[in-house]
Amino acid sequence: MSLTIENAQPVNVKERNKALIKEVLQVYPEKAAKKREKHLNLYEAGKTDCGVKSNIKSLPGVMTIRGCAYAGSKGVVWGPIKDMIHISHGPVGCGQYSWASRRNYYIGTTGIDTFVTMQFTTDFQERDIVFGGDKKLAKALEELQELFPLNKGITIQSECPIGLIGDDIEAVAKAKSKDFGGKTIVPVRCEGFRGVSQSLGHHIANDSIRDWVLEKMAGKKEEFVSTPYDVAIIGDYNIGGDAWTSRILLEEMGLRVVAQWSGDGSLKELERTPKVKLNILHCYRSMNYISRYMEEKFGIPWVEYNFFGPTKIAESLRKIASFFDDKIKEGAEKVIAKYQPMVDAVIAKYRPRLEGKKVMLFVGGLRPRHVIGAYEDLGMEVIGTGYEFGHNDDYQRTTHYVKDGTLIYDDVTGFEFEKFVEALQPDLVGSGIKEKYVFQKMGFPFRQMHSWDYSGPYHGYDGFAIFARDMDMAINSPVWKMTAAPWKTTK
Amino acid sequence: METTEKTKSQNADNVLDHFNLFRQPQYLQMFEKKKCEFENPVPAEEVEKIREWTKSWEYREKNFAREAISINPSKACQPLGAIFAAVGFEGTLPFVHGSQGCVAYFRSHFSRHFKEPSSCVSSSMTEDAAVFGGLNNMIDGLANSFSLYKPKMIAVSTTCMAEVIGDDLNAFIKNARDKGSIPQDFDVPFAHTPSFVGSHITGYDNMMKGILSYFWDGKAGTVPPLERKPVDRINIIGGFDPYTVGNMRELKRLLSLMGVNYLILSDNSDVWDTPTDGTFRMYDGGTKLAEISDAIHSKATVSIQGFCTEKTISYINEKGQQTVVFHCPIGVRATDAFLMEISKLTGKPIPEELEKERGRLVDAIADSNAHIHGKRFALFGDPDMTLGLTGFLLELGAEPIHVLCTNGGKEWEEKAKALLEASPFGKNCNVYAGKDLWHMRSLLFTEPVDFLIGNTYAKYLERDTGTPLIRIGFPIFDRHHHHRYPIWGYQGGLNVLVWILDKIFDEMDKNTIVPAKSDYSYDIIR
């Protein structure tokens, strides 16, 4: 394999990546190698997807980064709805590990009228498994109603045993809703064993919003004065305030944001969403289902957008504006112009420090593709990417972002990811907490691209400045020059 | 720092992140508008009214009458503890039989506490496994883990899913061996660890017993059981210990100073403290596999945390070994008792050097106890740790008022009461077994204390009730590197003393910092 720089580098990158995939697969037992082979590839320009299979069961016994349906429903979609109580229904663990571990920022008085950073669980004991937990659930709902009278509603997030022992949580939800004067109580069948990742949990959660919130509202009269400029933010979980730095741009261009799904969201916002003129969808994977439903049922169009980095932000603002009149279109241009000097200053400062740096990503939702533009705005290149729980339509969408030859790895295993990073020697790895310390030990700068390493927000223009600063601090930290002892040969 | 007037947004020279960005006027306006127009908020006076009500005795009584809902409990589930025990053995990969989401949670939880990689795999069971059982997942899973991660041992535990459908680990692992997933002689100890029984400390106990009984009782029927031939050596078992990195090393130092021949069973101090030097070590340190077998011959086993090792200790006892149990020895008396017991077991005298160390801790207490004497404390945590901390508070002249343990039962309650009754400083204290942090909130409002000791989740209690929090426990997510310091032994006692004092002094300074109002007490010398 020739690696001379002069002759057509893309060909070499492709061959190198192909050889790398082959090498990695050799370590697997034959049956497993055959399965994993379908998930590893490189993007070839002109193709309609990234050439990998996705949304298939993970192999047993490998270190998958994936979570479960419960994580998708409670941890992602429902958990951030701030004025409702979300019960982790089943044994104590799931609720404990997902307790306040996602940075869904919100404003409210926790424990009184908002509940996001609390952990409510029916804490199943052996007797609940043997005799069933419906009675306990009913009692739990009564206790919550008494102790938290200002809650706007309750969701029941099923853990694995609930489905296995056959509890009828729907019946309990209906009965208690009646007892509590029609309170919204939503049973969610998001048991962890369902599906192959958290992705099915998103879908199940979307369906439960459809069936137990939106359908319930249909036909109900409500005081609400619409405007022609009403939109809803869909699929932004407000990690570190992401949805806020997005919302401010939409408002500045003249739109009225009626609802945020689901970061800093409230039940009332969910209920009123069918009255908007356009749903603007950030995380396609987790909330395309409810957007499609609202399109079919209420005729509300939806549009995807990307608020990472100035290039994509401007494109997205214009795309969103194209659904409205000239006033909004002008508003979009004004917003773009207004932030341009700040963006220019940020790029002038950080691009020289980051130019040419190579990045490898592995994240969930939209981030494996959406953040690529932001890196490119800073002169950086993404040389490998993949999804924890993406589907084929995610990999189709990814083709608009990646370059010919980019290494693609679906549901990457811990083993593969280490080998790929070791071989490609990126300047930065972006993934999650479980990956962070592995790569830092190996001497690679790392940013958590789920939680922004407790920094952020990264969305919108205000977020881009933080993104740029954080990437600089990660890559150019003096610590990475100290990993090898000076008396040892340096890498 | 304000954003620039011209753009009312970021400034490249001084990037504001969430700490300050959202306090800028444009965001404050946006929040207010969102709330008023779209959230259908509860009126502020109503929120205030309910907030006041939740501080009352009436609310406390309703809160304590709860039977079905647990709110902010301080415990996790069994498999977490099983993994904790498993990674303390050389080259051991924990393998959790069940759905994969659990393992993602366990790995994240440990990584967030230790700031370290946490390796663990699952058998990725899904709906088909729920219907047909997870045997195929076990067969393929063991083969894959063995090939990819090259462990010396795989320690299998279960999740609630595998337990509900009744998968039999012993039979499954045997089946996997027969199918060639792993070599016939490859070690795969196991433990059933249902999440709906006990807590993470139960899981620790089950896995520890699982590993010992696997090696001692004939490796699941594949070799003859070991015959015990007593030798002059003691085993040490640490239990589920958030300070394992500091504590294990401290224990080893103490025992080496005494010249004791010892074996630590599950030493995870290295695997959760690996260097950043260009290499990722999936496995590092740990108890050698040969030592596990050897441990049957030791004359005695010492458990540092008895509630983490109930079944393990009684199993070891059955094998004819003497056993001794402690409850997280923190402070002077508890360390004295620990060292004297070790001395008694081994015949090794306590060296002068340790006596000096003891004297230094006593010296530190004598120097500082005036600041702690009579202060009222609330604390919560795992059963052993709450006992250890309570004992130390009593010897500092502090007054524990509320001691709460979500995963404590009757036996814990009795031990805690006996400890408190033995000291005049314990007479105003109540103990709460099986209660959660929402109960603690009511306690702190109705019977306030000066300081609260607990894990990171208690920061919500600090915010709600204004009780200053001293972070000791598991997990600690929002402070770094405390796990590298011991809390056991005289040195550990010194660390705990300093953590408590630092908070007390910080509070004193905060209370006296207002110029021309309270700063006459803002002293340089404390």
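Keep in mind that this is a model prediction, so the values were computed, not measured.

Once that is clear, we can look at the overall build of chain B. Within chain B, the regular secondary structure consists of 21 helices and 14 strands. Against the 2.2 N^0.38 benchmark of 24 Å for 526 residues, chain B shows a C-alpha radius of gyration of 26 Å, consistent with a compact globule. Its C-alpha atoms give chain B principal-axis dimensions of about 80 × 60 × 50 Å. Split into buried and exposed, the 526 residues of chain B put 62% on the buried side. Put simply, 72% of the contacts in chain B that link residues at least 6 apart link residues at least 24 apart. As presented, chain B carries roughly 19700 Å² of accessible surface, and 51% of it is formed by carbon and sulfur atoms.

Further remarks concern the packing of helix α4 (residues 57-64) of chain B against helix α19 (residues 437-446) of chain B. Residue and element names in this part refer to chain B. Remark: α4 packs on α19, axes separated minimally by 9 Å, with the N-to-C direction vectors making an angle of 155°. One finds that α4 runs roughly antiparallel with respect to α19. Where α4 crosses over α19, the two elements pack in a sense that is left-handed. Along its contact with α4, which presents Trp-57, Tyr-59, Arg-60, Asn-63 and Phe-64, the element α19 presents Trp-438, His-439, Ser-442, Leu-443 and Thr-446. Across the contact of α4 with α19, the residue classes tally to five nonpolar, four polar and one charged.

Residues and elements named next belong to chain A. The buried count for strand β7 (residues 256-262) comes to seven of seven residues, which makes it a mostly enclosed element. Taken together, the six bridges between strand β6 (residues 230-236) and β7 define a ladder with parallel strand orientation. Across the sheet, Val-231 pairs through a bridge with Val-257, a residue of β7. Considered for its hand, the β-α-β crossover made up of β6, helix α10 (residues 242-252) and β7 is right-handed.

A word on the interface of chain A and chain B. Taken together, the contacts link 117 residues of chain A with 105 residues of chain B. Overall, the association of chain A and chain B removes approximately 9400 Å² of surface from exposure, summing both partners, and the carbon and sulfur fraction of that is 64%. Connecting chain A to chain B are ten salt bridges. Across the chain A-chain B interface, the total number found is 41 residue pairs in polar contact (both at pLDDT 80 or more). As paired elements, strand β3 (residues 120-121) of chain A and strand β1 (residues 70-71) of chain B share two bridges and run antiparallel to each other. Looking at the pairing, Thr-121 of chain A lines up with Ser-70 of chain B of β1 of chain B.

What follows concerns the UniProt feature "domain: Nitrogenase/oxidoreductase component" (unreviewed entry) in chain B. Sites flagged by UniProt as "domain: Nitrogenase/oxidoreductase component" (unreviewed entry) map to residues 77-503 of chain B. Secondary structure across residues 77-503 of chain B divides into 47% helix and 14% strand, with the first and last C-alpha atoms of the span separated by 31 Å.

All right, on to the UniProt feature "domain: Nitrogenase molybdenum-iron protein beta chain N-terminal" (unreviewed entry) in chain B then. Here, UniProt's "domain: Nitrogenase molybdenum-iron protein beta chain N-terminal" (unreviewed entry) annotation points to residues 9-63 of chain B. For residues 9-63 of chain B, the end-to-end C-alpha separation is 45 Å, with 64% helix and 0% strand making up the annotated structure.

Two side chains carrying opposite charge are able to pair once their charged atoms lie near each other. A complete count under the given rule lists 77 salt bridges over all chains for this structure. Here Asp-211 of chain A makes a salt bridge to Arg-210 of chain A, at a shortest N to O gap of 2.7 Å. Of the residues examined, Asp-211 of chain A reaches a relative accessible area of 37% and is grouped as partly exposed. According to the relative accessible area criterion, Arg-210 of chain A is partly exposed, its value standing at 26%. Among the ionic contacts, a cluster of salt bridges with common partners joins Lys-436, Arg-447, Asp-453, Arg-469 and Asp-470 of chain A together with Asp-17 of chain B.

A cis amide bond links Trp-261 of chain A to the next residue, Ser-262 of chain A, at an omega of -10°. If you trace the backbone, Ser-262 of chain A turns up in strand β7. For the bond running from Phe-474 of chain B to Pro-475 of chain B, omega is -5°, close enough to zero to count as cis. The phi dihedral of Gln-425 of chain A is positive, around 50°, even though this residue is not glycine. The residue Asn-40 of chain B is not glycine, and still its phi comes out positive at about 50°. Secondary-structure assignment places Asn-40 of chain B in the loop between α2 (25-38) and α3 (44-53). Under the relative-accessibility criterion, Asn-40 of chain B is labelled partly exposed at 38%.

Our focus in this paragraph is a nonpolar patch on the surface. Where nonpolar side chains cluster on the molecular surface, the patch consists of Ile-513, Val-514 and Tyr-522 of chain B and spans about 270 Å² of accessible area. Within the secondary structure layout, Ile-513 of chain B lies in the segment after α21 (489-511).

Under the counting rule described, the total for this entry stands at 50 aromatic pairs over all chains. Look at Trp-53 of chain B and Tyr-59 of chain B: their rings are 4.8 Å apart centre to centre, the planes differ by 85°, and that puts the pair in the edge-to-face class. Residues Trp-53 of chain B and Tyr-59 of chain B agree in their burial class; the two are buried. Of the aromatic side chains, those joined through ring pairs into one cluster are Phe-84, Phe-110, Phe-114, Tyr-204, Phe-240, Trp-272 and Phe-474 of chain B. The side chain of Arg-397 of chain A reaches across the aromatic face of Tyr-284 of chain A, ending 3.6 Å from its centre. The ring of Phe-64 of chain B has Arg-60 of chain B lying over it, and the distance from NZ or CZ to the ring centre is 5.6 Å.

It is common to give the size of an interface as the accessible area that goes away when the parts come together. Residues and elements named next belong to chain B. Each assigned domain of chain B is listed with its residue range as follows: domain 1 (78-221), domain 2 (231-355) and domain 3 (369-512). Contacts between the two partners involve 32 residues from domain 2, matched on the other side by 30 residues from domain 3. Of all residues in domain 2, Tyr-243, Phe-307 and Ile-330 bury the most surface against domain 3, accounting for 31% of the area lost on that side. Joining domain 2 to domain 3, the criterion identifies one salt bridge. Asp-273 is the salt-bridge partner of Arg-484, the closest N and O atoms lying 2.7 Å from each other. Across the contact surface, domain 2 and domain 3 share 13 residue pairs in polar contact (both at pLDDT 80 or more). Contributing elements (two or more residues each) for the side of domain 2 that touches domain 3: α12 (244-258) and α15 (332-346). Here the element with the most residues in the side of domain 2 that touches domain 3 is α12; it accounts for seven residues. Across the side of domain 2 that touches domain 3, the residue classes tally to 17 nonpolar, eight polar and seven charged.

Cut-offs applied
- Residues numbered from 1 in each chain as written.
- Chains lettered and ligands numbered in written order.
- Predicted model: local features only at pLDDT ≥ 70, side-chain atom pairs only at ≥ 80, totals over all residues.
- Heavy atoms only, no water.
- Helix = DSSP H or I, 4+ residues; strand = E, 2+ residues; numbered from the N terminus.
- Rg over C-alpha atoms; globule rule 2.2 N^0.38 Å.
- Buried < 20%, exposed > 50% of the residue type's maximum accessible area, 1.4 Å probe, protein only.
- Contact = heavy atoms within 4.5 Å.
- Areas by Shrake-Rupley, 256 points an atom, 1.4 Å probe, with all protein chains shown as cover.
- Axes fitted to C-alpha atoms, helices over the stretch in contact; angles between N-to-C directions.
- Parallel < 35°, antiparallel > 145°, perpendicular 65-115°, else oblique.
- Left-handed = near helix turned anticlockwise from the far one by under 90°.
- Nonpolar A, V, L, I, M, F, W, Y, C, P; charged D, E, K, R; others polar.
- Pairing = 2+ DSSP bridges.
- Right-handed = clockwise from strand over helix to strand, strands pointing away.
- Buried area = accessible area lost by both parts, 1.4 Å probe.
- Salt bridge = Lys/Arg side-chain N within 4 Å of Asp/Glu carboxyl O.
- Polar contact = N/O pair within 3.5 Å; in protein donor to acceptor, adjacent residues only side chain to side chain.
- UniProt positions renumbered as here; feature names shortened; annotations may be inferred.
- Patch = residues over 30% accessible without salt bridge, like charges linked within 9 Å, V, L, I, M, F, W, Y side chains within 5 Å.
- Phe/Tyr/Trp six-rings, centres within 6.5 Å; stacked < 30°, edge-to-face > 60°.
- Lys NZ or Arg CZ within 6 Å of the ring centre and 35° of its normal.
- Domains from an automatic or database assignment.

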